[in-house]
Amino acid sequence: MSQEARVHTSIDERRAGLLEDGRTFAVLSAATFALKAIFVKLAYAAHPIDAVSLLALRMGIALPFFLWLARRERGAAAEPLTPRLWGGVLLVGFLGYYLSSLFDFIGLTYISTGLERLILFVYPTLVLLIGAVWLKQPVRANAWWALAVCYLGLAAAVWHDLEQSGDARAVAIGGAWVFASSVTYALYYIGVGKLASRVGSTRLAAYCGAVSCAMVLAHYAVTESPARLGELPASVWAYAAAMATISTVLPIVLLAAAIRRLGAGRAATFSTLGPVLTIAFSWVILGEPFTWQQALGLALVVGGVSWLGKER
């Protein structure tokens, strides 16, 4: 074998190794999901559109995938879906892709993508607090220190937005909406943890996605005229399609592939790339400024969440 052929063979083997151990899938899942807020901001900049209309576009385009995935996975559960389990699926779908997404889209009309992503990323601290208050789960002392580090980081990120926008009211309103999104996502996360072993993790994601799509579209039909969607420019449709495919469908597929190869625990460690990538994308694509306050907030939030994960 020639030297050139051996080099190509070695490169191919390394690529195959990355795909086989799942690291590539985990990184790509984090990267594609990190683009979601970028597409939302681009859509808002392209044409005046409200959060409900944009979310309806995203979920309407994603609905066929969720239905296909639900059909493919319908025999994957360890037990049949009882009315009680269906009620759990409806509740989790309502909290997750519907309510959490709606609050997030509203919040993004007020604050930067960097602050939005860091607020969302602290949802593990809310899972901890909900578990301590509602489920009476004990909390180790170091976990409280990790929680304090996270919120100190959020304070630095808020400081960044206040300096850049100069509009304290907008930062407060947008931050409150996104924090509400983080709370509902934490409740969704707890619900998924209780249902996944009985429903099947992939099938649960498909059912919750389909249910939430129906809820979003029903919300839009009640509050807006469906005909108005046809009047939107092609650029908004393109960004909504990118949200639905690149930042909704693709991360689910990639994460499932990563979990199959790495296990849920190792795959989850790559989620810390999400805020870093979102802030990097916002700087490169949207031209949002990157300051030392934001860098400090990013380091503290990511570090605090990682510390919390080890303590738990």
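The rules behind the values
Residues numbered from 1 in each chain as written. Predicted model: local features only at pLDDT ≥ 70, side-chain atom pairs only at ≥ 80, totals over all residues. Heavy atoms only, no water. Helix = DSSP H or I, 4+ residues; strand = E, 2+ residues; numbered from the N terminus. Rg over C-alpha atoms; globule rule 2.2 N^0.38 Å. Buried < 20%, exposed > 50% of the residue type's maximum accessible area, 1.4 Å probe, protein only. Contact = heavy atoms within 4.5 Å. Areas by Shrake-Rupley, 256 points an atom, 1.4 Å probe, with all protein chains shown as cover. Lys, Arg positive; Asp, Glu negative; His and termini not counted. Charge placed at Lys NZ, Arg CZ, Asp CG, Glu CD. Axes fitted to C-alpha atoms, helices over the stretch in contact; angles between N-to-C directions. Parallel < 35°, antiparallel > 145°, perpendicular 65-115°, else oblique. Left-handed = near helix turned anticlockwise from the far one by under 90°. Nonpolar A, V, L, I, M, F, W, Y, C, P; charged D, E, K, R; others polar. Salt bridge = Lys/Arg side-chain N within 4 Å of Asp/Glu carboxyl O.

Considering the overall build of the chain
Item 1. A tally of regular secondary structure across the chain gives 14 helices and zero strands.
Item 2. Each helix and strand of the chain, ordered N terminal to C terminal, gives the series α-α-α-α-α-α-α-α-α-α-α-α-α-α.
Item 3. For the chain, whose C-alpha radius of gyration is 20 Å, the value lies close to the compact-globule estimate of 20 Å for 312 residues.
Item 4. Sorting the 312 residues of the chain into buried and exposed places 46% on the buried side.
Item 5. Put simply, of all contacts in the chain between residues at least 6 apart along the chain, 88% involve residues at least 24 apart.
Item 6. Of the roughly 15,100 Å² of accessible surface on the chain, a fraction of 66% belongs to carbon and sulfur atoms.
Item 7. A distance of 10 Å separates the average location of the 24 positive side-chain charges in the chain from that of its 17 negative side-chain charges.

Considerations on helix H6 (residues 113-121)
Item 1. Burial runs high along H6: nine of the nine residues are buried.
Item 2. Inspection of H6 places Thr113, Gly114, Leu115, Glu116, Arg117, Leu118, Ile119, Leu120 and Phe121 among the buried residues, and these make up the whole buried set.

Considering the packing of helix H2 (residues 23-34) against helix H11 (residues 234-262)
Item 1. Viewed as axis vectors pointing N to C, H2 and H11 meet at an angle of 155°, and their least axial separation amounts to 8 Å. Classed by the angle they form, the pair H2 and H11 counts as roughly antiparallel. In this structure, H2 crosses over H11, and the sense of that crossing is left-handed. Contacts from Arg23, Phe25, Ala26, Leu28, Ser29, Thr32 and Phe33 of H2 reach H11 at Ile246, Ser247, Leu250, Pro251, Leu254, Leu255, Ala257, Ala258, Arg261 and Leu262.
Item 2. Its residues placed into classes, the contact of H2 with H11 shows twelve nonpolar, three polar and two charged.

Details of the pattern of salt bridges
Item 1. Under the definition given, this model contains three salt bridges.
Item 2. Measuring nitrogen to oxygen at the nearest pair gives 3.0 Å for the salt bridge that ties Lys36 to Glu116. Of the two residues, Lys36 sits in helix H3 (residues 36-46) while Glu116 sits in helix H6, which places them 80 residues apart along the sequence.
Item 3. Classification of Glu116 as buried rests on a relative accessible area of 0%.
Item 4. For Arg228, the salt bridge is made with Glu224, and the minimal N-O distance between the two is 2.7 Å.
Item 5. Note on Arg228: relative accessible area 45%, which makes it partly exposed.
Item 6. Members of the salt-bridge network, linked through shared partners, are Lys36, Asp104 and Glu116.

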